[in-house]
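Listed below are the residues making up each chain.
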Amino acid sequence: MRLLHGALRSYAWGSRTALAELCGRPSPSAHPEAELWFGAHPADPAWIEGAEGKISLLDLITDDPDGQLGARVAPRFGKRLPFLFKLLAAEEPLSLQAHPSAAQARDGFERENRARVPLDSHVRNYKDESAKPELVVALGPFEALAGFRDPHETVALMRAIDARSLDTYVHLLDGQPDASGLRALFTTWITLPPPALAILLDDVLDGCVRYLSGSAGDSVRFAREVRTALELAGAYPNDAGVLASLLLNRISLQPGESIHLDAGNLHAYLHGMAVEVMANSDNVLRGGLTPKHVDVPELLRVLDFEPTPMTVCRSTPTADGRGGRFVANVDEFALTWRECVADESVPIAADGGPGIVVCTSGTVELQWAGEPTDPARAGASVVRLERGAAAWISASDPDIEVRAQTAAAQVFHVTVGSLHETGKPAEV
Ligand SMILES: [Zn+2]
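Keep in mind that this is a model prediction, so the values were computed, not measured.

*Asks:* Where do I start with the coordination of the zinc ion in this structure?
*Replies:* Ideal geometry at a metal centre: 109.5 degrees between donors when four sit tetrahedrally, and 90 or 180 degrees when six sit octahedrally. The zinc ion binds to the protein through Gln97 (OE1), His99 (NE2), Glu134 (OE), Glu134 (OE) and His267 (NE2); the donor distances cover 2.1 to 2.7 Å. Motif for the zinc ion, donor spacing along one chain: Q-x1-H-x34-E-x132-H. Here histidine 99 is found in the loop between β7 (96-98) and α5 (102-114), whereas its partner histidine 267 is found in strand β12 (residues 267-279), with 168 residues between them in sequence. Residues histidine 99 and histidine 267 agree in their burial class; the two are buried.

Put into structure tokens, the structure is as follows:
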């Protein structure tokens, strides 16, 4: 068990206050801080302070996969840590994006290797061979767009916006209110030549303003969706992602609520702070709302156009009632959170595999609840975590207890997913 230092990622959409305040650093920060990565992704691994100085978690695992990941986990995931844990702070919307399935990722990775696109090139889509299922748990109010909305609802939204240049598209979707209709509409919009896009956007945004003014009657039913389109247009003028936003579910999460994103799910996070756990991958296909590389044909190849209501879930309470588990039903990760009050200890089962514990509120001490399976490999028997700090738990570590050092404290614990996990997500 060792203190794990995260890799701070600075993107333009990040917050200058949220992560700095969570981690107790001076706020506002010099640059927007978007994500704090706790994992072993080659692009930006977290690190520990070893006897010989700084060692990346990636090197630690590569040098000793069986000891760090365990004999059960190491062969199952090609001696790689299968998950990546992020603290995410969005001040501005993130790009409109989707992630590939495992088969699409393997195929795309090979294709770009054959085409000799360097791994660090900004036009490279596939940075690795993994799928990237994502679980997002809100730490505060969190706003997102995710998954295609029921087309009947979208037709009603477009009618409410009442822009003449939308008429053709309303007819298109109304005549084919299913995945094929959504594919046709999205493909048309995302590939419109810029002059035609500018005319359509102008008209649609005028309609959005009229809708909110109430001049056409109702101004309530789609207020959130319409306001989001206007905000996105303010941040990304002349971007087809603004139109695409009208097709997606507009989701507001309260703290503790989560959504799960499978391969092919089109999404854009809009605002707020969250815990994000995903397979250890950086494969992102972008469709707009970003200055980064956009590859529309490749995005269209991986998108799942099947309408989905995007179920918002809470965690399922743990047996002792001191936390909850998010049922994600993926191989790569499982996520639980634990809460304790001053001087109280709550056990965390290490499960014979690796884990990362991140403190999100208060201060805690993690301590061994037993003897390590291999004392030669194990680290410290006590690690103190302030808010925003994390610990690496290797497979050689024993079970652990969390003890709050403040009136109350909360930690998140990510482990490898169980192939045998059963249970239904707790729908909100
Ligand atoms: Zn994503």
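*Asks:* Help me understand the sheet that holds strand β17 (residues 334-341) in this model?
*Replies:* Backbone hydrogen bonds hold the strands of a sheet together, and the pairing may be parallel or antiparallel. Taken together, the seven strands give an open sheet; going across it, the order is β1-β22-β19-β24-β17-β16-β15, and neighbouring strands pair in antiparallel fashion. Among the strands making up the open sheet, the edge pair consists of β1 (2-4) and β15 (316-317). Pairing between β1 and strand β22 (residues 390-393): three bridges, direction antiparallel. Residue pairing across strands places leucine 4 opposite alanine 390, the latter belonging to β22.

*Asks:* Would you mind going over empty space enclosed by the protein with me for this structure?
*Replies:* The gaps of empty space that remain are located by a probe, the size of a water molecule, rolled over the atoms. Taken as a whole, this structure holds one cavity of 30 Å³ or more when the rule is applied. Taken together, Met1, Arg2, Gln68, Arg377, Ala378, Gly379, Trp392, Ser394 and Asp397 make up the full set of residues lining the largest cavity. For the lining of the largest cavity, the residue count by class is three nonpolar, three polar and three charged.

*Asks:* Would you take a moment to explain the environment of lysine 79 for this structure?
*Replies:* Looking at the element boundaries, lysine 79 is found in the loop between α4 (73-76) and β6 (83-90). Residues lysine 79 and isoleucine 199 lie 120 residues apart in sequence; the distance between their C-alpha atoms is 52 Å. Those residues in contact with lysine 79, other than ones at most four positions away along the chain, are Ile61, Pro65, Leu69 and Ala74.

*Asks:* Would you mind going over the side chain of serine 245 with me for this structure?
*Replies:* Residue placement: serine 245 occurs in helix α11 (residues 240-245). At 2.6 Å, the side chain of serine 245 forms a polar contact with the backbone oxygen of valine 242.

*Asks:* How do you make sense of helix α10 (residues 223-235) when you look at a structure like this?
*Replies:* Under the 1.5 Å per step criterion, the end-to-end length of α10 is 18 Å for 13 residues, consistent within 8% with the ideal 18 Å. Taken as a whole, α10 has its buried residues at Ala223, Glu225, Val226, Thr228, Ala229, Leu232 and Ala233. Residues of α10 that are buried sit in contact with β9 (142-148), α6 (151-161), α9 (194-213), α11, β10 (248-253) and β12.

*Asks:* Explanation requested: the packing of α6 against helix α7 (residues 167-175) in the structure shown.
*Replies:* The relative placement of two packed helices comes down to the angle between their axes together with the axis-to-axis distance. Running from amino to carboxyl end, α6 crosses α7 at an angle of 160 degrees, the nearest separation of the two axes being 9 Å. As the angle between them shows, α6 and α7 are arranged roughly antiparallel. Between α6 and α7 lies a crossing of left-handed hand. Contacts between α6 and α7 involve Pro151, Thr154, Val155, Met158 and Arg159 on the former and, on the latter, Tyr169, Val170, Leu173 and Asp174. Grouping the constituent residues of the contact of α6 with α7 by class yields six nonpolar, one polar and two charged.

*Asks:* Looking at this model, I keep getting lost on the pairing of strand β18 (residues 345-348). Mind explaining?
*Replies:* Sheet faces and side chains relate simply in a regular strand, where the side chains alternate between the two faces. On β18, burial follows the alternation: Val346 and Ile348 on one face are buried, whereas Ser345 and Pro347 on the facing-out side are not. The pairing of β18 with strand β23 (residues 400-404) spans four bridges and is antiparallel. Across the sheet, proline 347 pairs through a bridge with glutamate 401, a residue of β23.

*Asks:* Explanation requested: the pattern of salt bridges in the structure shown.
*Replies:* If the charged atoms of two oppositely charged side chains come close together, the side chains can form a pair. Applying the stated rule across the entire model yields 16 salt bridges. With a shortest N-O distance of 3.5 Å, glutamate 35 and lysine 86 are connected by a salt bridge. Of this pair, glutamate 35 sits in strand β3 (residues 35-39) while lysine 86 is found in strand β6, placing the two residues 51 residues apart along the sequence. Residues glutamate 35 and lysine 86 agree in their burial class; the two are buried. Ionic pairing is found between glutamate 153 and arginine 221, a salt bridge with its closest N-O pair at 2.7 Å. Note that glutamate 153 is positioned in helix α6 and arginine 221 in the loop between α9 and α10, a separation of 68 residues in sequence. By relative accessible area, arginine 221 is classed as partly exposed at 48%. Each of Asp107, Arg111, Glu298 and Arg301 takes part in one network of salt bridges that share partners.

What counts and what doesn't
- Residues numbered from 1 in each chain as written.
- Predicted model: local features only at pLDDT ≥ 70, side-chain atom pairs only at ≥ 80, totals over all residues.
- Heavy atoms only, no water.
- Donors = N, O, S within 2.8 Å, 3.2 Å for Na, K, Ca; no water.
- Helix = DSSP H or I, 4+ residues; strand = E, 2+ residues; numbered from the N terminus.
- Buried < 20%, exposed > 50% of the residue type's maximum accessible area, 1.4 Å probe, protein only.
- Pairing = 2+ DSSP bridges.
- 1 Å grid on protein atoms, 1.4 Å probe; cavity = no way out; pocket = protein on both sides within 12 Å on 5 of 7 lines; lining within 4 Å.
- Points joined across faces, edges and corners; volume = space filled by probe spheres on them.
- Nonpolar A, V, L, I, M, F, W, Y, C, P; charged D, E, K, R; others polar.
- Contact = heavy atoms within 4.5 Å.
- Polar contact = N/O pair within 3.5 Å; in protein donor to acceptor, adjacent residues only side chain to side chain.
- Expected span 1.5 Å × (residues − 1).
- Axes fitted to C-alpha atoms, helices over the stretch in contact; angles between N-to-C directions.
- Parallel < 35°, antiparallel > 145°, perpendicular 65-115°, else oblique.
- Left-handed = near helix turned anticlockwise from the far one by under 90°.
- Salt bridge = Lys/Arg side-chain N within 4 Å of Asp/Glu carboxyl O.

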